[in-house]
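Report on the structure
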Amino acid sequence: MFSFGIASLLGLFGLTSAFALVALVLMAWMAWRIVAKAGLPGWLGLIAVLLSLTGVGAIVPVIALWVFAYMGWPRDDMRLALPGGMPTPSPSPNPNPTAPPAALPPPMTALPDRRGWRLSGTVAGGSVSLAVDGSAPAYLLTGAAASAPNELCVPDPSVASPHARLLIAGTRLGLEDLGSPGGTFIDGARLLPEHGPRDISAARKIRLGSVELALSKA
Amino acid sequence: MPDVWSIVVWMLGTGVAWLMTFGALVAFLFVIGHVLVALVLIIPTWRICTRAGFSGALSLLHLVPVVGTLVVMAILAFSDWPAGEAPPQKV
């Protein structure tokens, strides 16, 4: 009876250890993949997790997690440096959203489609339809009344003033969030100010605050 | 004068009550500790999820004991990031 209890206890410990070992290997593998997706060497994530086996215990992976969350990711620079990518954004949200933005680089393959863009949706007071005809290189999306030709008004309380910027380069359309509290989303994915301008030519919906706008060719 | 059985029952009752109080205290401290540890993980994970294009609320899975962290990591590791990924590197 006593030996059976000891055996059960050892079995439980063994099972727990086996689970911990499998979990550790899985976590190391997944950390590798996550870190690699951010553009860093994958072995950094592997080492960060495996350091939990050392005497310093779990504090190193936790510190590494915080550093990873708040450091700059090479992914952002890589994506912007790719052919056809958007220009490198400023490291912090643009402090002067009314300043003229840098022009988008020319597209890789210019399609002979010179139609403008249209953003349409519903706001608190009815519907809104914004024409982006390309007469200006950039447009400000704002919740306040438009005071300039390159301002597009989305009259909704959840839309900041200004909220985001539309950029036009040839047949492509870019979108940049200006640090709006309501947030900007491209097909459901959050666009942060540190992402910089993002090509939305192939996007279907953008959301400013709580206003969802369908993107289409005019 | 109380008989022996009354004293035994009283002692047993007191012991059980003490044990239950102690157990509740331990459970309470365990929950508080778990939430605090989860919070230390949730804050950076929230930012990572947001930067990857996922909802930050995904990081609340850290509140699930034992497997929550594994699930969050699995989602981040094995799904396509809506905000884009770095191209695969040659090892």
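Residues numbered from 1 in each chain as written. Chains lettered and ligands numbered in written order. Predicted model: local features only at pLDDT ≥ 70, side-chain atom pairs only at ≥ 80, totals over all residues.

Here we look at the overall build of chain A
The cut-off we apply is this: Strands are runs of DSSP state E lasting at least 2 residues, helices are runs of H or I lasting at least 4, and numbering of each runs from the N terminus. Buried means a residue has 20 or more other C-beta atoms within 10 Å of its own C-beta, exposed means 12 or fewer, and partly exposed covers the counts in between; C-beta atoms are placed from the backbone.
Scanning chain A for helices and strands turns up 4 helices and 11 strands. The buried share of chain A, reckoned over its 218 residues, is 33%.

Thoughts on the sheet that holds strand E1 (residues 117-123) of chain A
Paired through their backbone hydrogen bonds, the strands of a sheet run either parallel or antiparallel. All names here are of chain A. In plain terms, the rule: Pairing between strands is defined by DSSP: at least two bridges between the two strands are required. Working convention: axes come from line fits to C-alpha atoms, limited for helices to the stretch in contact. Angles between N-to-C directions cover 0 to 180 degrees.
Read across the open sheet, the 6 strands follow the order E2-E1-E11-E10-E7-E8; overall the sheet is antiparallel. In this open sheet, the two edge strands, each paired with only one partner strand, are strand E2 (126-132) and strand E8 (189-191). Strand-to-strand twist across the sheet, computed as the mean angle between neighbouring axes with direction ignored, equals 25 degrees. Relative to strand E11 (residues 211-217), E1 is paired through 5 bridges, and the arrangement is antiparallel. Directly across from Arg-118, in E11, lies its bridge partner Ser-216.

Remarks on the nonpolar core
What counts here: Remark: nonpolar core denotes a set of buried Ala, Val, Leu, Ile, Met, Phe, Trp, Tyr and Cys residues whose joining runs through C-beta atoms within 7 Å. Residue pairs are scored as contacts if the distance between their C-beta atoms, which are placed from the backbone, is within 7 Å.
Formed by 54 residues in total, the largest nonpolar core has its most connected members in Ala-31, Ile-206 and Leu-208 of chain A. Tallying contributions element by element places helix H1 (residues 2-37) of chain A first for this core, with 8 residues. Once residues within four sequence positions are removed from consideration, Ala-31 of chain A is found in contact with Gly-45, Leu-46, Ala-48 and Val-49 of chain A together with Met-73 of chain B.

Observations regarding unusual backbone geometry
Looking along the chain, the bond that leaves Ser-161 of chain A and enters Pro-162 of chain A is cis, with omega of -5 degrees. When you line up the elements, Pro-162 of chain A lands in the loop between strand E4 (151-153) and strand E5 (164-169). Even without glycine at this site, Asp-187 of chain A takes up a positive phi of about 50 degrees. Look at Asp-187 of chain A and you get partly exposed, because 14 C-beta atoms sit within 10 Å. A positive phi angle, near 70 degrees, is found at Val-66 of chain B, a position not held by glycine. Considering the arrangement of structural elements, one finds Val-66 of chain B in the loop between helix H1 (4-52) and helix H2 (68-78).

Details of the packing of helix H3 (residues 59-70) of chain A against H1 of chain B
In plain terms, the rule: For classification purposes, angles smaller than 35 degrees are called roughly parallel, those larger than 145 roughly antiparallel, those between 65 and 115 roughly perpendicular, and all remaining angles oblique. Two helices crossing with the near one rotated counterclockwise from the far one by less than a right angle form a left-handed crossing, whereas a clockwise rotation gives a right-handed crossing.
Where H3 of chain A meets H1 of chain B, the axes come as close as 8 Å, and the angle between the chain directions of the two elements is 30 degrees. Looking at the two axes, H3 of chain A sits roughly parallel to H1 of chain B. Our pair here, H3 of chain A against H1 of chain B, has a crossing hand that is left-handed. On H1 of chain B, the residues touching Val-62, Leu-65, Trp-66, Phe-68, Ala-69 and Tyr-70 of chain A of H3 of chain A are Val-40, Leu-41, Pro-44, Arg-47 and Ile-48 of chain B.

Things to note about the confidence of the model for chain A
Low pLDDT means the predicted atomic positions in that stretch should not be read closely. The line we're drawing: pLDDT is defined as a per-residue confidence score from the predictor, taking values between 0 and 100.
Predicted confidence across chain A gives a mean pLDDT of 79, with 78% of residues reaching 70 or more. Note on residues 82-92 of chain A: pLDDT under 50 across the span, and 24 contacts to partners over four residues away in sequence or across chains.

A word on H3 of chain A
Residues separated by three or four positions in an α-helix point in the same direction, a consequence of the helix having 3.6 residues per turn. Residue and element names in this part refer to chain A. Let me state the cut-off plainly: Here the expected length of a helix is defined as 1.5 Å per residue gap, with one fewer gap than residues. Along the arc lie the directions from the helix axis toward the C-beta atoms.
Compared with the 16 Å implied by 1.5 Å per residue over 12 residues, the 17 Å span of H3 between its first and last C-alpha is a close match. Along H3, the residues that are buried comprise Pro-61, Ala-64, Leu-65 and Phe-68. The buried side chains of H3 occupy one side of the element, clustering within an arc of 105 degrees when seen end-on. Exposed and oriented more than 90 degrees from the buried face of H3 are Ile-59, Val-67 and Tyr-70.

Things to note about the pairing of E5 of chain A
Residue and element names in this part refer to chain A. Burial analysis of E5 places 6 of its 6 residues in the buried class, the great majority of the element. Alternating positions in E5 separate into two faces, Ala-164, Leu-166 and Ile-168 on one and Arg-165, Leu-167 and Ala-169 on the other, with burial throughout. Where strand E3 (residues 138-142) and E5 come together, 4 bridges link them in antiparallel fashion. From the neighbouring strand, Leu-141 faces E5, where its bridge partner is Ala-164. Pairing of E5 with strand E6 (residues 172-177) involves 6 bridges; the strand directions are antiparallel. Bridged to Ile-168 within E6 is Leu-173. Taken together, E5 and the strand that follows it, E6, pair antiparallel across an intervening segment of 2 residues, in which Gly-170 is found at a positive phi of about 65 degrees.

Examining H2 of chain B
When we look at burial in H2 of chain B, the residues that qualify are Val-72, Met-73 and Leu-76 of chain B. Down the axis, H2 of chain B shows its buried residues gathered within 95 degrees of arc, on one side only.

Looking at the pairing of E1 of chain A
All names here are of chain A. As paired elements, E1 and E2 share 7 bridges and run antiparallel to each other. Bridge pairing in E2 places Arg-118 opposite Ala-131. Between E1 and E2, which pair antiparallel in sequence order, lie 2 residues.

Quick notes on the interface of chain B and chain A
In plain terms, the rule: Amino acids are sorted into nonpolar (Ala, Val, Leu, Ile, Met, Phe, Trp, Tyr, Cys and Pro), charged (Asp, Glu, Lys and Arg) and polar (every other residue, Gly among them).
Taken together, the contact between chain B and chain A spans 21 residues of the former and 25 residues of the latter. If you list the elements that add at least two residues to the side of chain B that touches chain A, you get H1 and H2 of chain B. Residue contributions to the side of chain B that touches chain A peak at 7 residues, all from H1 of chain B. Tallied by class, residues from the side of chain B that touches chain A come to 14 nonpolar, 4 polar and 3 charged.

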